[in-house]
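# Structural characterization, general
If you want the building blocks of each chain, they are given just below.
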Amino acid sequence: MNKQKIYIETYGCQMNLADTEIVQGVLKKNGYEFTNEAEQADVVLINTCAIREHAEERIYGRLGAFRAIKKHKPNLVVGILGCMAERLRSKLIEEEKIVDLIVGPDEYRRVPELIDNALIGEKGIAVRLSRTETYDDIEPYREDGISAWIAVMRGCDKFCTFCVVPFTRGRERSRPLQSIVNEVKSLYERGFKEVNLLGQNVNSYRDGEYDFADLLSAVAKAAPTMRIRFTTSHPQDFSDKLIYTIAEHENICNYIHLPIQSGSNRILELMNRTYTVEHYLERIEKARKIIPGVSFSTDIIAGFPTETEEDHKMTLEVLKEVRYDGAFMFKYSARERTKAWEMGDDVPDEVKTRRLNEIIELQQKISYEINQELIGKQVEVLVEDFSKKSKDFYMGRTDTNKIVILPKDGLEIGDYCIATIVRANSATLFAEKAEKIEKLPVLQNTYEKN
Ligand code: SAH
Ligand code: SF4
Ligand code: F3S
């Protein structure tokens, strides 16, 4: 039996958080133990992201910190997992002398073997991408909690021209529907209250005749009092069937993350996003009609190659037209191997920054206005944790994915409640009264206080 202690740090998207639990599942089976303190660890693993240059810079910063630990603990093993490992491969070991192992997203079964080798001084690299690996038989290591992530598909075949994911995660493949349903049932029995179904492009999920809407509906039926969330949806594949499925099941949350990236059709075409602004708006309109009270968030990239002031204004217009509840907004970052890399990174950095700031400012104003409308209304909240700022308050989320800070009012973490909103800013709602409800759902949407 191994007794080495492992410390893992995770960066990037929710898929990486889910992957870390898979890696821990694999390690646990091999007798390893975990620690939350890097200083106590025999092995330090960093699950990395490569989406933008900045994401990788942070990892280099962390490697600096581990170098300091290794100075007084020379046997410490340092490993890089995830998308940056896949992107940079042997270069990382050559350039960063403290790195002992490099493991890409499809090779996590080999982590124990590579750690064992590293412990006797042998460096190792495993970065083969697979067309079939879904880790379906691996039981993820999850501490008891409220919310769980399940990767239902892996990889991406969309090849948006700015994006490294198709290179770092390889081709699309899905887990069998029945096995996902079984996993949700066991989470339900363990007391989890929410499950997030994950994929870079979840709408491309496929298991024989079953598509993503079938999966969503099977999961919703298997755990009728659990909240079901999913991300990320691609506008091209956002079908009517999916919209009706969300509407039909009250425990599927009325929240859709639907990245638009740009409001200019010319830029969308250069991005290979495969939809037009008109198609996108039509999908939003349809969803709003069929799912009353549905909320939307999006991703925006500012300063894609050749983006003009005109294109940028069209993005601002789309934000005004859709009125998203929230958005993740980024400056374009040129990534090697992608098609856009060859287009040249011709929008000057100060222009990108200014455009990004205009986008952020507008979106914050819209989020603020939308949240103000909730003051005086009652919302249904799942209590997820203590508030970060004070243990005297709880933090929870509405069905529409808004963060609510609420009084304890005899509630426990994991309870559902009806809370009255008394204050709001662009990112958070604050509630005064909160009343426990036994079962979800009591109300599908917010309703007027009588
Ligand atoms: N699969 C998801 C998102 C993956 S990455 C989707 O298709 O929407 C999350 C977000 O990062 C993207 O939606 C995009 O807005 C942003 N992003 C990806 N590559 C980027 C790059 N090279 N520069 C800046 N932002 C990028
Ligand atoms: Fe990247 Fe596009 Fe795939 Fe999303 S859909 S992961 S942005 S290539
Ligand atoms: Fe980053 Fe890889 Fe996710 S590049 S965003 S960790 S898929």
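Residues numbered from 1 in each chain as written. Chains lettered and ligands numbered in written order. Predicted model: local features only at pLDDT ≥ 70, side-chain atom pairs only at ≥ 80, totals over all residues. Heavy atoms only, no water.

### Considerations on the overall build of the protein chain
- Helix and strand counts for the protein chain stand at 13 helices and 21 strands.
- Against the compact-globule benchmark of 22 Å for 450 residues, the protein chain has a radius of gyration of 23 Å, which places it among compact chains.
- Along the three orthogonal principal directions, the C-alpha set of the protein chain runs to about 70 × 55 × 45 Å.
- Residue pairs at least 24 apart in sequence account for 72% of intrachain contacts in the protein chain once pairs closer than 6 positions are excluded.
- Here the protein chain has roughly 20000 Å² of accessible surface; of this, 48% comes from carbon and sulfur atoms.
- When the 64 positive and 73 negative side-chain charges of the protein chain are each reduced to one mean point, those points stand 1 Å apart. (Helix = DSSP H or I, 4+ residues; strand = E, 2+ residues; numbered from the N terminus. Rg over C-alpha atoms; globule rule 2.2 N^0.38 Å. Contact = heavy atoms within 4.5 Å. Areas by Shrake-Rupley, 256 points an atom, 1.4 Å probe, with all protein chains shown as cover. Lys, Arg positive; Asp, Glu negative; His and termini not counted. Charge placed at Lys NZ, Arg CZ, Asp CG, Glu CD.)

### As for the site of ligand 1
- Contacts to ligand 1 come from 15 residues, most closely from Phe162, Gln200, Gln261, Asp299 and Ser333.
- Contact between ligand 1 and Ser333: a nitrogen atom at 2.8 Å from a main-chain N or O atom of the residue.
- Contact with the protein chains covers 90% of the free accessible surface of ligand 1, which is 540 Å².
- Mapped onto the shell around ligand 1, the elements with two or more residues apiece are strand 15 (295–302) and strand 16 (326–331).
- Taken together, the residues of the shell around ligand 1 sort by class into six nonpolar, four polar and five charged. (Near = heavy atom within 4 Å. Polar contact = N/O pair within 3.5 Å; in protein donor to acceptor, adjacent residues only side chain to side chain. Nonpolar A, V, L, I, M, F, W, Y, C, P; charged D, E, K, R; others polar.)

### Describing the packing of aromatic side chains
- Applying the stated criterion to the full structure yields nine aromatic pairs.
- With centroids separated by 6.0 Å and ring planes inclined at 20 degrees, the aromatic side chains of Tyr108 and Tyr135 adopt a geometry described as stacked. Within this pair, whereas Tyr108 is found in the loop between strand 5 (101–103) and helix 5 (111–119), its partner Tyr135 is found in the loop between strand 6 (124–126) and strand 7 (147–151), the two being separated by 27 residues in sequence. Just as Tyr108 is buried, Tyr135 falls in that class too.
- On the basis of an interplanar angle of 65 degrees and a centroid distance of 5.4 Å, the ring pair of Phe304 and Tyr332 is categorised as edge-to-face. Taken together, the residues Phe304 in the loop between strand 15 and helix 12 (309–322) and Tyr332 in the loop between strand 16 and helix 13 (349–372) connect sequence positions 28 residues apart.
- Accessibility expressed as a relative area gives 5% for Tyr332, which makes it buried.
- Members of the aromatic cluster, each reached through a chain of ring pairs, are Phe162, Phe304 and Tyr332.
- In this arrangement the basic side chain of Arg52 is found over the ring face of Phe330, its NZ or CZ atom lying 3.7 Å from the centre.
- Over the face of the ring belonging to Phe430 we find Arg423, whose NZ or CZ atom lies 4.1 Å from the ring centre. (Phe/Tyr/Trp six-rings, centres within 6.5 Å; stacked < 30°, edge-to-face > 60°. Buried < 20%, exposed > 50% of the residue type's maximum accessible area, 1.4 Å probe, protein only. Lys NZ or Arg CZ within 6 Å of the ring centre and 35° of its normal.)

### Details of the sheet that holds strand 19 (residues 403–407)
- Strand order in the closed barrel formed by five strands is 17-18-19-21-20, with mixed pairing between adjacent strands. In this sheet, neighbouring strand axes are inclined to one another by 50 degrees on average, regardless of whether the strands run parallel or antiparallel. (Pairing = 2+ DSSP bridges. Axes fitted to C-alpha atoms, helices over the stretch in contact; angles between N-to-C directions.)

### Quick notes on the pairing of strand 1 (residues 5–10)
- Across two bridges, strand 1 lies against strand 2 (residues 33–34) in parallel orientation. Its bridge partner being in strand 2, Lys5 is matched across the sheet by Glu33.
- In the classification by handedness, the crossover that spans strand 1, the intervening helix 1 (residues 14–29) and the parallel strand 2 is right-handed.
- Direction of pairing for strand 1 relative to strand 3 (residues 43–48): parallel, over a ladder of five bridges. When the bridges of strand 3 are listed, Glu9 appears paired with Ile46. (Right-handed = clockwise from strand over helix to strand, strands pointing away.)

### Comments concerning the pattern of salt bridges
- Counted by the stated rule, this structure contains 42 salt bridges.
- Glu9 is the salt-bridge partner of Arg62, the closest N and O atoms lying 2.6 Å from each other. Residue Arg62 is located in helix 2 (residues 53–72), and its partner Glu9 is located in strand 1; the two are separated by 53 residues in the primary sequence.
- The partly exposed category is assigned to Arg62, whose relative accessible area is 27%. (Salt bridge = Lys/Arg side-chain N within 4 Å of Asp/Glu carboxyl O.)

### Examining the packing of helix 11 (residues 277–290) against helix 12
- Running from N to C, helix 11 and helix 12 point in directions that differ by 15 degrees, and their axes come no closer than 12 Å. Considered as vectors, helix 11 and helix 12 are oriented roughly parallel to each other. Note on packing geometry: the crossing formed by helix 11 with helix 12 is right-handed. Taking contact as the criterion, the partners of Val277, Tyr280, Leu281, Ile284 and Arg288 in helix 11 are, on helix 12, Val318, Glu321 and Val322.
- Here the contact of helix 11 with helix 12 is built from residues that sort into six nonpolar, no polar and two charged. (Parallel < 35°, antiparallel > 145°, perpendicular 65-115°, else oblique. Left-handed = near helix turned anticlockwise from the far one by under 90°.)

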